[in-house]
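These are the residues of each chain, in order.
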Amino acid sequence: MSTDAIVLLKEDHKEMRRLFKAFQDAEEGPASQRQKLVNQILEALTVHTYLENEVMYPEVRRLLPDLEDDILESYEEHHVADVLCAELAAMDADHEHFNAKTTVLIENVRHHVEEEEEEWFPKVRDALGRKQLQEIGEKMIALRSDAPRTPSDPKAIKKAIDAVTA
């Protein structure tokens, strides 16, 4: 398994895309199936954004100050996703807004992922060496097991607050 931070984040993105497709395929299905998929999406996003906010973004911000605007935009995009995740975590799948809110979350995250993969990651890879990306990735791997799994976890709430007050 690679310890390259960008490779690890892209693996998370791939899993999110899979979950998003599964939700879209189940959109007309039973509420219990949609609820289960959204719970999986919320967990994947909570862990992923935690690792980015706690490790990747601060490290890149420190090492590559020219990318400050990109990082600040990413924090704000995470904030929007955090709000939607918190609302979905408190909502039943049979609520009339459940599918619409999930669709908005998916659209926002897809936009964020596209920007990261097409614009931000190439800049980071060009500027940082393989060794630095592996060191950042190792920090993310070490933190993953302790990462929050739900939007209501105190660490997830703190991460959301820190991201907009940093």
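It should be noted that the structure appears before, not after, this text.
One structure accompanies this document, and this report is about it. (Residues numbered from 1 in each chain as written. Predicted model: local features only at pLDDT ≥ 70, side-chain atom pairs only at ≥ 80, totals over all residues. Heavy atoms only, no water.)

## Things to note about the side chain of H112
Part 1: Note on placement: H112 falls in helix α4 (residues 98-127).
Part 2: Taking the relative accessible area as the measure of exposure, H112 reaches 7% and is therefore buried.
Part 3: A polar atom in the side chain of H112 sits 3.2 Å from the side chain of H78.
Part 4: Once residues within four sequence positions are removed from consideration, H112 is found in contact with E52, Y57, S74, E77 and H78. (Helix = DSSP H or I, 4+ residues; strand = E, 2+ residues; numbered from the N terminus. Buried < 20%, exposed > 50% of the residue type's maximum accessible area, 1.4 Å probe, protein only. Polar contact = N/O pair within 3.5 Å; in protein donor to acceptor, adjacent residues only side chain to side chain. Contact = heavy atoms within 4.5 Å.)

## Here's the deal with the environment of Q132
Part 1: Inspection of the secondary structure puts Q132 in helix α5 (residues 130-144).
Part 2: For Q132, a relative accessible area of 30% translates into the label partly exposed.
Part 3: With 73 residues separating them in the primary sequence, Q132 and E59 have C-alpha atoms 9.6 Å apart.

## Digging into the nonpolar core
Side chains that are nonpolar tend, in soluble globular proteins, to be buried together.
Part 1: Counting 23 residues, the largest nonpolar core has M56, V60, W120, V124 and M140 as the members making the most contacts within it.
Part 2: Listed by contribution, the elements that provide at least two residues to this core are α1 (5-25), α2 (31-63), α3 (68-89), α4 and α5.
Part 3: Per-element accounting of this core gives the leading share, seven residues, to α2.
Part 4: When near neighbours in sequence (up to four residues on either side) are disregarded, V60 contacts P65, L67, I71, W120 and V124.
Part 5: Judged by nonpolar contacts, the second largest core, of 19 residues, contains L19, F20, L84 and M91. (Core = buried A, V, L, I, M, F, W, Y, C linked by side-chain atoms within 4.5 Å.)

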